[in-house]
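# Architecture and fold: a report
What follows is the residue order along each chain.
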Amino acid sequence: MGRVTDIPRRAVSRTAKLATLPLGLAGRAALGLGKRVTGTAADMVSAEIQQRTAEQLFSVLGQLKGGAMKFGQALSVFEAALPEHLTGPYRAALTKLQEAAPPMPVASVHKVLAEELGPRWKRRFAEFDDQPAAAASIGQVHRAVYHNGTPVAVKIQYPGAGKALVSDLNQLSRLAGLFRVLQPGLDIKPLLGELRARVTEELDYKLEAATQKAMAKAFAHDDEIYVPKVLAGTDRVLITAWVDGTPLADVIAHGSEEDRDLAGLRMATLHFSAPARAGLLHADPHPGNFRLLDDGRLGVIDFGAVARVPDGLPEPIGRLTRLTLAGDAEAVLAGLRDEGFVPPNVDVDAQAILDYLLPVLEPIAVDEFRFTREWLRSEATRLANPRSDAYQLGKKLNLPPSYLMIYRVTLGSIGVLCQLNAKAGYRAVLERWLPGFADE
């Protein structure tokens, strides 16, 4: 792979390669139609088309460098809307891409620091490690010691990442047709618009600094959640306090049952309390963004991806969840129509909607629940099997743009809880923090 500094110069060739994608998709869709006429099973055809599409898509994305990883986040939004057998090939290819990302050359690191912090940037630090401690999708993180002795994390954006990312997102919106074929009920254009707005926000480190300051203030002196202080922020460099603690990936791999249960409870508390306390939802629930501190708090890092919910989580989420658990099918269907989850011209059975939702809500139907990979797999199978009633019903449903990030983050968080195998009283967390959920 080439250097990430090659990103801007390759814009023309990238655009040309991306432009071939929709044509390839159309050709494979036609191939699928031909096979269907000759009697090949429809689900086999769609899986074959998807596999080839994934291979072509990622052969192109592999040449995009930083933009490819960003698109990985974008694509993961749709994992919630698309069945597992279709998203699997994409996710596997993305993982390879992310692991293959090369670090920035030291000279490039110093150049960005000089441009953003001034030619005497080294005076800010007593120590600065030129080797990155971690890679982010559009930048990398270095460990350093501030001039006053404070250990700090210095996040530096890849040169050219901004222009490349915006260009890639604009081009990749042409893939909208793929999602329309696979999920007919999904109104894709407003979703892509919302997604583009949220992803391009991540380029603005000043905005991230302001977001992190707001979260740090909201959770100051909290005994469950720790947000490190921001020390400085420019357009492309962000300096924050370093967070010690056990990375969540290590807790997942080697942690005691007690630590895994505690981490799961803290994740749920962050997810549901931050909107109420800060008007913000941390929107990148990846194990790399969390640490379990020695005192039992959850350390949270990376606030580039957030959903802004100034009024907290929408009240209909809690109310409709409560009504579903209570078995009030007609009220649930009416509420989902009001919020735009069920399109006006779509006829669905109220009891079928209840049957679709209840298994997903099992974790909060009881006082304590253990999230497991097996539970997640069984739910994915139920919702993704083309022969199941749930799959056929799901194809009729829509995802309103205002719920996009909440939906994506909730799903991502559940995935992490299942990796943790975490048991906790999740219902009590919702009763405390989710508007409309507690009994009236």
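Calculation notes
- Residues numbered from 1 in each chain as written.
- Predicted model: local features only at pLDDT ≥ 70, side-chain atom pairs only at ≥ 80, totals over all residues.
- Heavy atoms only, no water.
- UniProt positions renumbered as here; feature names shortened; annotations may be inferred.
- Core = buried A, V, L, I, M, F, W, Y, C linked by side-chain atoms within 4.5 Å.
- Buried < 20%, exposed > 50% of the residue type's maximum accessible area, 1.4 Å probe, protein only.
- Helix = DSSP H or I, 4+ residues; strand = E, 2+ residues; numbered from the N terminus.
- Contact = heavy atoms within 4.5 Å.
- Phe/Tyr/Trp six-rings, centres within 6.5 Å; stacked < 30°, edge-to-face > 60°.
- Lys NZ or Arg CZ within 6 Å of the ring centre and 35° of its normal.
- Axes fitted to C-alpha atoms, helices over the stretch in contact; angles between N-to-C directions.
- Parallel < 35°, antiparallel > 145°, perpendicular 65-115°, else oblique.
- Nonpolar A, V, L, I, M, F, W, Y, C, P; charged D, E, K, R; others polar.
- Expected span 1.5 Å × (residues − 1).
- Polar contact = N/O pair within 3.5 Å; in protein donor to acceptor, adjacent residues only side chain to side chain.
- Pairing = 2+ DSSP bridges.

- The name that an unreviewed UniProt entry assigns to the chain is ABC transporter ATP-binding protein, with the source organism given as Actinocatenispora thailandica.
- In the Sequence similarities (unreviewed entry) part of its UniProt record, the chain is described as follows: "Belongs to the protein kinase superfamily. ADCK protein kinase family."

## Observations regarding the nonpolar core
- Ranked by internal contacts, the top residues of the largest apolar core, which has 48 residues, are Met 215, Leu 248, Leu 270, Leu 420 and Tyr 426.
- Of the residues forming this core, the biggest block, seven residues, is contributed by helix 19 (residues 404-420).
- Here Tyr 426 is in contact with Gly 264, Leu 265, Ala 268, Pro 363, Ile 364, Asp 367, Phe 369, Phe 371 and Leu 417, once residues within four sequence places are set aside.
- Within the second largest apolar cluster, 24 residues are counted, among which are Val 109, Val 154, Val 230 and Ala 232.

## Some thoughts on the packing of aromatic side chains
- By the definition in use, this model includes nine aromatic pairs.
- Between Trp 121 and Phe 128, the aromatic rings sit 5.5 Å apart at their centres with planes inclined by 75 degrees, giving edge-to-face as the arrangement.
- Both rings, one in Phe 369 and one in Phe 371, keep their centres 5.1 Å apart while their planes meet at 80 degrees; by these two values the pair is edge-to-face. As far as the burial class goes, Phe 369 and Phe 371 line up, both buried.
- One aromatic cluster in this structure is built from Trp 121, Phe 125, Phe 128 and Tyr 146.
- Between Lys 155 and the ring centre of Tyr 205, over which it is positioned, the NZ or CZ distance is 5.2 Å.
- In this arrangement the basic side chain of Arg 382 is found over the ring face of Tyr 356, its NZ or CZ atom lying 6.0 Å from the centre.

## What about the packing of helix 10 (residues 205-218) against helix 12 (residues 257-278)?
- At a minimum axis separation of 10 Å, helix 10 and helix 12 run at an interaxial angle of 95 degrees. The angle between helix 10 and helix 12 places the two elements in the roughly perpendicular class. Residues Ala 214, Met 215 and Ala 218 of helix 10 lie in contact with helix 12, whose contacting residues are Leu 270, Ala 274, Arg 277 and Ala 278.
- When grouped by side-chain class, the residues that make up the contact of helix 10 with helix 12 number six nonpolar, no polar and one charged.

## Re helix 19
- With 17 residues, helix 19 should reach 24 Å at 1.5 Å per residue; the first-to-last C-alpha distance of 25 Å fits that figure.
- Helix 19 sits mainly inside the fold: twelve of its 17 residues count as buried.
- Taken as a whole, helix 19 has its buried residues at Leu 404, Met 405, Ile 406, Arg 408, Val 409, Gly 412, Ser 413, Gly 415, Val 416, Leu 417, Cys 418 and Leu 420.
- Two residues or fewer after helix 19 comes Asn 421, characterised by a positive phi angle close to 55 degrees.

## Thoughts on the side chain of Gln 212
- Secondary-structure assignment places Gln 212 in helix 10.
- Here Gln 212 falls in the buried class, since its relative accessible area comes to 3%.
- Polar side-chain contacts of Gln 212 include one of 3.0 Å to the backbone oxygen of Pro 228.
- Ignoring sequence-local partners within four residues, the contact set of Gln 212 consists of Val 227, Pro 228, Lys 229, Val 230, Leu 238, Thr 240 and Phe 303.

## Regarding the pairing of strand 7 (residues 237-241)
- Strand 7 sits mainly inside the fold: five of its five residues count as buried.
- One ladder, built from five bridges, connects strand 4 (residues 151-157) with strand 7; its direction is antiparallel. Counted as the bridge partner of Lys 155 is Leu 238 from strand 7.
- Pairing analysis gives three bridges linking strand 6 (residues 230-233) to strand 7, with the strands arranged antiparallel. Across the sheet, the residue bridging to Val 230 is Thr 240, located in strand 7.
- The turn joining strand 6 and strand 7, which pair antiparallel and follow one another in sequence, is formed by three residues.

## Details of unusual backbone geometry
- Although it is not a glycine, His 221 adopts a positive phi angle of roughly 65 degrees.
- Note on placement: His 221 falls in the loop between helix 10 and strand 5 (225-226).
- For His 221, a relative accessible area of 83% corresponds to the exposed category.
- Even without being glycine, Asp 302 reaches a positive phi, approximately 70 degrees.
- Classification of Asp 302 by relative accessible area gives partly exposed; the value is 21%.

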